[in-house]
Amino acid sequence: MRRLPQPALRPPMLCFWLVCAMLGFGLSIHTLAQDTPTSSQGSAHVLTIDGAIGPATMDYLLRGLERAEEQQADLVIIAMDTPGGLMSSMRDMIKAILASPVPVATYVSPSGARAASAGTYILYGSHIAAMAPATHLGSATPVQMGGMPGQQEDPSSKESAPENQNGNNGNAENERDQKETQGGSAMERKVMEDAVAYIRSLAERRGRNADWAERAVREAVNLSATGALEQNVIDVVAADIPQLLSKIDGRTVTMAQGEEQTLQTANLTLERFEPDWRTQILAVLTDPNVAYFLMIIGFYGIIFELANPGGLVPGVIGAICLVLALFAFQVLSVNYAGLALILLGLAFIVAEAFMPSFGILGLGGIAAFVVGSVILMDGTHQAISRPLIGGTAAVAAGFMLWTVTRFMSLRKRQVVSGMEQMQGEEGLALDTFIAQEEQYRGHARLNGERWNAISSAPIERNQTVRVERVDGLTAVVLPVDDTATDTE
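What you are looking at is a predicted structure, and each value in this text was computed from that prediction instead of being measured.

What follows covers the packing of helix α2 (residues 55-70) against helix α3 (residues 87-99). One can describe the packing of α2 onto α3 by two numbers: an axis separation of 9 Å at closest approach and a directional angle of 10°. As summarised for this structure, α2 and α3 are arranged roughly parallel, according to the angle between their axes. The segment α2 lies against α3, with Pro55, Thr57, Met58, Leu61, Leu62 and Leu65 engaging Ser89, Asp92, Met93, Ala96 and Ile97.

Here it is in structure tokens:
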């Protein structure tokens, strides 16, 4: 008996098995990598923080600590040079360091680097605090980024304060100094006291100088590497990482659960975990100004696509920008009231273009947009740049003004269609009008159409007539001249 040929493998099924094979291969590689035995010599993972601390830095540090735990590293070294950054990101980083099962040594390097503001807190929270020569730390006073702090005292008032007969400013100067120490507003004092309590708790946990830590917050003082070592702010001054590993070998540190661990770092192998493309992209996207601008582009792109279906380009660009902005806002901890006001303001501005309200919707939209932009990042020590807010609001106001003036100019133009356009038009009588009830009735050709027409004066066939008004389906006309010409 003849065997029938086997059916060929269909393309969809072929693609399915190909994908399964690729996934299986990738899983096997991952398993082999996980099962690879670690070197008995031990390793120290080196992370690099260079620049302002933000959500991208936090994500990089968390992934680095997880990687060190998975690979059973003996130590994590954070080589840091930072001017400070966001308090929310800093706190998340310190939480991860405190809970890490792998000891963390924060090392301010290279020479000339600094651990200012948020960097000082991270240094205090680490198991080992180290600095390279010619580096410094301090200036840990919390400030509001973006130019939105509380009201500051007018400098001119200090210069013009009256002196008493003894040549001093009396109690006024003391009160002013006390006010500057405490902070200028209730919110600033709350943030200050919270920061002081936080850094003191870190100092007490690591057995470091808590009094100087408080001064770094309240008075923004700084210390060099040598001074920090003398005042028990840091543990080690080392010229490079090998010297750091040599000096901390044999030290005992307290881990998350309170247990003590002795460091064996003399012969550790260094493995560097540098910031990858994900960290770099995240650093750009999570900039508040970039996220804000992406949201504006995304909103207008979608509106233009809905107004002109089929354009595709505005819709595609708008959707991508809006998704990226929402991702950034998720990381940045946004004030949702501010976000709602921004979207409401933009909706009002666009509505002004489609439903003119002589500026009411537009002005309300601009007000809501500006207020929402100002409070969008409020309370997280970051803010949208005011020039960016002002520029975007100015563009929206210009768009609204152009729309209003455009519609006003259209109202003054002569009507070019509809019944209103018929008034004043000239046409040709198609027949001689017949007198009926003190009026003359007939037909006229107006704009290429045959109309019923009436007139208060007699009209001959082929005589030019002018429309006086339109009454329903009847045109009221008047003769242009008394001369009638017969073409027949």
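Still more ground to cover, so stick around.
Each α-helix turn comprises 3.6 residues. Residues three or four places apart therefore point the same way. The end-to-end C-alpha distance of helix α15 (residues 360-375) is 23 Å, a good match for the 22 Å that 16 residues give at a rise of 1.5 Å each. Listing the buried residues of α15 in full gives Leu361, Gly362, Gly365, Ile366, Ala368, Phe369, Gly372 and Ser373.

Let us now look at a nonpolar patch on the surface. Together, Phe293, Ile297, Val313 and Ile317 make up a nonpolar patch on the protein surface, roughly 350 Å² of accessible area in all. Among the secondary structure elements, those contributing two or more residues to the nonpolar patch are α12 (288-307) and α13 (313-332).

Let us now look at unusual backbone geometry. In this structure, the amide linkage connecting Ser109 to the following residue, Pro110, adopts the cis form with an omega of -5°. Within the secondary structure, Pro110 is located in the loop between β3 (104-108) and β4 (114-116). Positive phi outside glycine occurs at Ala134, with the angle close to 65°. Within the element layout of this structure, Ala134 appears in the loop between β5 (128-131) and β6 (136-138). Of note in the backbone geometry, Ser139 takes a positive phi value of approximately 50° without being a glycine. Take Ser139: it is sitting in the loop between β6 and α5 (155-159).

Quick look at the pairing of strand β12 (residues 426-429) now. For β12 and strand β16 (residues 464-471), the ladder comprises 3 bridges, and the chain directions are antiparallel. Note that in β16 the partner of Gly427 across the bridge is Val465. Bridging between β12 and strand β14 (residues 439-446) involves 2 bridges; their strand directions are antiparallel. Across the sheet, Ala429 pairs through a bridge with Ala444, a residue of β14.

Pairing is parallel across the open sheet formed by 6 strands, whose spatial order is β8-β5-β3-β2-β1-β11. A single partner strand is all that each edge strand has here, and the edge strands are β8 (236-237) and β11 (269-273). Along the sheet, α2 makes contact with β1 (43-50), β2 (75-81), β3 and β11, crossing β1 at roughly 180°. Relative to β2, helix α10 (residues 241-248) is tilted by about 130°, and along the sheet it contacts β1, β2, β3, β5, β8 and β11.

Moving on to the pattern of salt bridges. If you walk through the whole model with that rule in mind, you get 9 salt bridges. Two residues, Asp194 and Arg91, come together in a salt bridge whose shortest N-O distance is 2.4 Å. Of this pair, Asp194 sits in helix α7 (residues 186-206) while Arg91 sits in helix α3, and the two are 103 residues apart along the sequence. Linking Arg218 and Glu214 is a salt bridge whose minimum nitrogen-to-oxygen distance equals 2.9 Å. Residue Arg218 and its partner Glu214 are both found in helix α8 (residues 210-218); the two are separated by 4 residues, about one turn of the helix. Owing to a relative accessible area of 22%, Glu214 belongs among the partly exposed residues under this scheme. Through salt bridges with shared partners, a single network forms among Glu193, Arg200, Asp211, Glu214 and Arg218.

Let us look at the nonpolar core. Counting 52 residues, the largest nonpolar core has Tyr121 and Leu137 as its most contacted members. Counting residues per element, this core draws most heavily on α7, at 7 residues. Excluding its chain neighbours within four sequence positions, the residues that come into contact with Leu137 are Ala115, Thr120, Leu123, Met131, Trp212, Val221, Asn222, Leu223, Ala228 and Val233. Listed in part, the 28 residues of the second largest apolar core include Phe299, Ile342, Ile349 and Ala393.

The residue Thr57 is located in helix α2 in this model. The class of Thr57 is buried, set by a relative accessible area of 12%. With residues near it in sequence (within four places) discarded, Thr57 still touches Ile49, Ala52 and Met93.

Cut-off values and rules
Positions within a chain are numbered from 1, following the residues in the order the chain's sequence is written. In keeping with the model being predicted, local features are shown solely for residues with a pLDDT of at least 70 and side-chain atom pairs are shown and tallied solely at 80 or more, while totals for entire chains, interfaces and linings include all residues. The basis for every side-chain value is the complete set of heavy atoms in the structure, and neither hydrogens nor water enter the calculation. To define axes, lines are fitted to C-alpha atoms, for helices over the stretch in contact only, and angles between the resulting N-to-C directions are given on a 0 to 180 degree scale. Segments assigned H or I by DSSP are reported as helices when at least four residues long, segments assigned E as strands when at least two residues long, and all are numbered from the N terminus. The scheme is simple: roughly parallel for angles under 35 degrees, roughly antiparallel for over 145, roughly perpendicular for 65 to 115, oblique for anything else. Here, residues are in contact when the closest pair of their heavy atoms is within 4.5 Å. Any helix carries an expected span of 1.5 Å times its number of residues minus one. Partly exposed describes any residue whose relative accessible area lies between the buried limit of under 20% and the exposed limit of over 50%, with all areas from a 1.4 Å probe on protein chains only and scaled to the type maximum. Residues enter patches when they are more than 30% accessible in relative terms and free of salt bridges; like-charged ones are connected within 9 Å and nonpolar ones (Val, Leu, Ile, Met, Phe, Trp, Tyr) within 5 Å. Residue burial considers only the protein chains on display, and all accessible areas are found by Shrake-Rupley using a 1.4 Å probe. Whenever a carboxyl oxygen of Asp or Glu lies within 4 Å of a side-chain nitrogen of Lys or Arg, that contact is scored as a salt bridge. We call two strands paired when DSSP finds no fewer than two bridges between them. Note on terminology: a nonpolar core comprises buried Ala, Val, Leu, Ile, Met, Phe, Trp, Tyr and Cys residues joined through side-chain atoms within 4.5 Å.

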